[in-house]
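This is what each chain is made of:
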Amino acid sequence: MQLTQRRKMVSNKTLSFSERLYLPAILGGMFTTFKHLFKSKPTIKYPEQKRPMAPVYRGQHVLKRDDEGAERCTACGMCAVACPAEAITMESAERKKGEEHLYREEKYAQTYEINMLRCIFCGLCEEACPKEAIFLTDRLVSTDFDRNPFIYGKDKLVEPIDERVDVSKRQTPEVLEFKKRPGLKHNTTALSKLHSTTNA
Amino acid sequence: MKVTIDGISLDVPQGTTILQAARMIGPEVAPPTMCYYSKLKTSGGYCRTCIVKVTKGSNQNPNPIPKPVASCRTEVLDGMEVQNVTSSEVLEARKGVVEFLLINHPLDCPVCDQAGECHLQDLGYGHGAASSRYEFKRREYEMIDIGPHIKLHMNRCILCYRCVKTAEQITNGRVHGVMHRGDAAEISTYIEQALENDFSGNVIDVCPVGALTDKTYRFKQRVWFTKPMDAHRNCKTCSGQVRLWLKGEQVVRVTRAKMPGMKWSPLFAIHADLIIKKHRIGLLKVPLKFNGIRLYHKTITST
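Residues numbered from 1 in each chain as written. Chains lettered and ligands numbered in written order. Predicted model: local features only at pLDDT ≥ 70, side-chain atom pairs only at ≥ 80, totals over all residues. Heavy atoms only, no water.

All names here are of chain B. Per-residue confidence for chain B averages 83 on the pLDDT scale, and 87% of its residues sit at or above 70. Considering each helix and strand of chain B separately, the mean pLDDT is smallest for strand β15 (residues 293–294), with a value of 60, and largest for strand β4 (residues 69–70), with 94. Considering only residues more than four positions removed or in separate chains, one finds that residues 299–303, a stretch of pLDDT under 50, has 13 contacts. As a predicted assembly, this complex carries a pTM of 0.78 together with an ipTM value of 0.76. (pLDDT = per-residue confidence, 0-100. Helix = DSSP H or I, 4+ residues; strand = E, 2+ residues; numbered from the N terminus. Contact = heavy atoms within 4.5 Å.)

What follows is about the sheet that holds strand β7 (residues 150–152) of chain B. Residue and element names in this part refer to chain B. Reading across the sheet, the 3 strands line up as β6-β7-β10 and stay open at both edges, with antiparallel pairing between neighbours. Of all the strands in the sheet, just β6 (144–146) and β10 (212–214) have a single pairing partner and so form its edges. Across this sheet, the average inter-strand angle for adjacent strands is 35°, counted without regard to direction. (Pairing = 2+ DSSP bridges. Axes fitted to C-alpha atoms, helices over the stretch in contact; angles between N-to-C directions.)

Turning our attention to the domain arrangement of chain B. Residue and element names in this part refer to chain B. Domain annotation of chain B identifies domain 1 (2–90), domain 2 (140–214) and domain 3 (223–294). Each of domain 1 and domain 2 has a C-alpha centre, and the two are 29 Å apart. Counting from both sides, the interface comprises 11 residues of domain 1 and, opposite them, 11 residues of domain 2. For the domain 1 and domain 2 pair, buried surface summed over both sides reaches about 900 Å², with 60% attributable to carbon and sulfur atoms. Between the two partners, domain 1 and domain 2, sit 0 salt bridges. Linking domain 1 with domain 2 are 4 residue pairs in polar contact (both at pLDDT 80 or more). Taken together, the residues that form the side of domain 1 that touches domain 2 break down as 6 nonpolar, 3 polar and 2 charged. (Domains from an automatic or database assignment. Buried area = accessible area lost by both parts, 1.4 Å probe. Salt bridge = Lys/Arg side-chain N within 4 Å of Asp/Glu carboxyl O. Polar contact = N/O pair within 3.5 Å; in protein donor to acceptor, adjacent residues only side chain to side chain. Nonpolar A, V, L, I, M, F, W, Y, C, P; charged D, E, K, R; others polar.)

Our next topic: helix α2 (residues 88–101) of chain B. Residues and elements named next belong to chain B. Helix length check: α2 (14 residues) gives 20 Å between terminal C-alpha atoms against 20 Å at 1.5 Å per residue, within 8%. Three or more residues of α2 are buried, namely V90, R94, V97, V98 and L101. Looking straight down α2, one finds that the buried residues subtend no more than 100° of arc, so they occupy a single side. Every exposed residue of α2 that faces more than 90 degrees away from the buried side is listed here: S88, E92 and F100. At its buried positions, α2 is contacted by β3 (51–56), β5 (80–83) and α3 (119–127). At the N-terminal boundary of α2, the capping side chain belongs to S87, with an oxygen 3.3 Å from the backbone nitrogen of E89. (Expected span 1.5 Å × (residues − 1). Buried < 20%, exposed > 50% of the residue type's maximum accessible area, 1.4 Å probe, protein only. Arc of directions from axis to C-beta.)

The next subject is the pattern of salt bridges. Residues and elements named next belong to chain A. Scanning the entire structure with this criterion turns up 16 salt bridges over all chains. K131 serves as the salt-bridge partner of E105, at 3.3 Å between the closest nitrogen and oxygen. Separated by 26 residues along the polypeptide, E105 in the loop between β2 (88–94) and β3 (107–115) and K131 in the loop between α4 (124–128) and β4 (134–136) bring together distant segments of the chain. As far as the burial class goes, E105 and K131 line up, both buried. Several salt bridges share partner residues, and in doing so they unite K64, E159 and R164 into one network.

If you want it as structure tokens, here you go:
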């Protein structure tokens, strides 16, 4: 029975004199090696040099803040439901008075954890999010020797207020069009109240 | 009396409404309802979600009724023929009703505790358009605490009157109702008076939207992450039919277990499926397991 087409017949043919010298074979091998010196290198010096990434690369997640700096996530759990790897867990809490500048809605995520070892970076959480809060970015999840550091909490996921993460390339024209509609703006009253009190 | 709904015929006693007859046939022909609640007297007739088309009035007068009728308030006549989902006119009209219901609804489902078991969410998903055409400011109210355990979020209210009628019919001397009229109408306790009655917690369960929510459950969990478990608690005042909502082994919420066919009345609360405040709060503290031994399953006996 023949399983593959790679079968070769083996013969016990003795080598000729020139073959027994091995010199032509050695020189041939040296030539191949030498030839590679003049070829362009396929590798790069990684940490100093980086390859270009696709603008829609799905890497480490970010929890976005809105223009006023308040967290957009309202812990609705849609991402956790959508997640096929069950990597997301969260706990919600109620916003107290005076925290309107921190959280956009009356409910917010007290804890929000993504297990990066479970995550398959499919981007379904981003698709499910009704608040435009979670996005995948072109940042890589850093390596570690331990498992625990791969459970990313809010400290690693929420974008720093002064170092915003640009996700504009991941937003489709449909999403941008959706945001333009005035009827769909959330929590405008709470913020306008806050501004009116601070101005007065 | 013979009535035909969506091509399915049924014999019903006199005085049955079209909606009740449709529910007897089954959920596939029963029109959706928002304000109608079978256990309440004089409920229904506010939301117009249950409209159907009557293509043949009766055997005596076979003319069709020209406009869609509210099936919860229209009694069947002998030989009546009704179209619900088979009529595109009804579906189109219902879509309009949904749009009206959603005009002032804040659509804050990601925040709302009712999401996942909200009738309006189901209705909007099934019959509404994907987007709203309404671009004006929605009416807005401050949140009110009705008593220590109920939160009223008037923005979400669709004025179905279910809670008002519940409070009216199961308690004596109600303290909450609807104030003002038309667009300004709002559910209110008179001068913010708390609902003190032992049975007042049941208004949370009858609310079809997230206007009346349980404060003990507020923002604790999303409904779809919890598992329901029916249990029974011996009680002298109420039926003790409770539904425990579990997250893992922890009871995060207690509601009334729905028992079909039970009559509501303040005198016979034990025979209804109502539960008192004590269970709603008290059962939250009862652990499901103690030292690895399951304390109760399906049945809880009072201690």
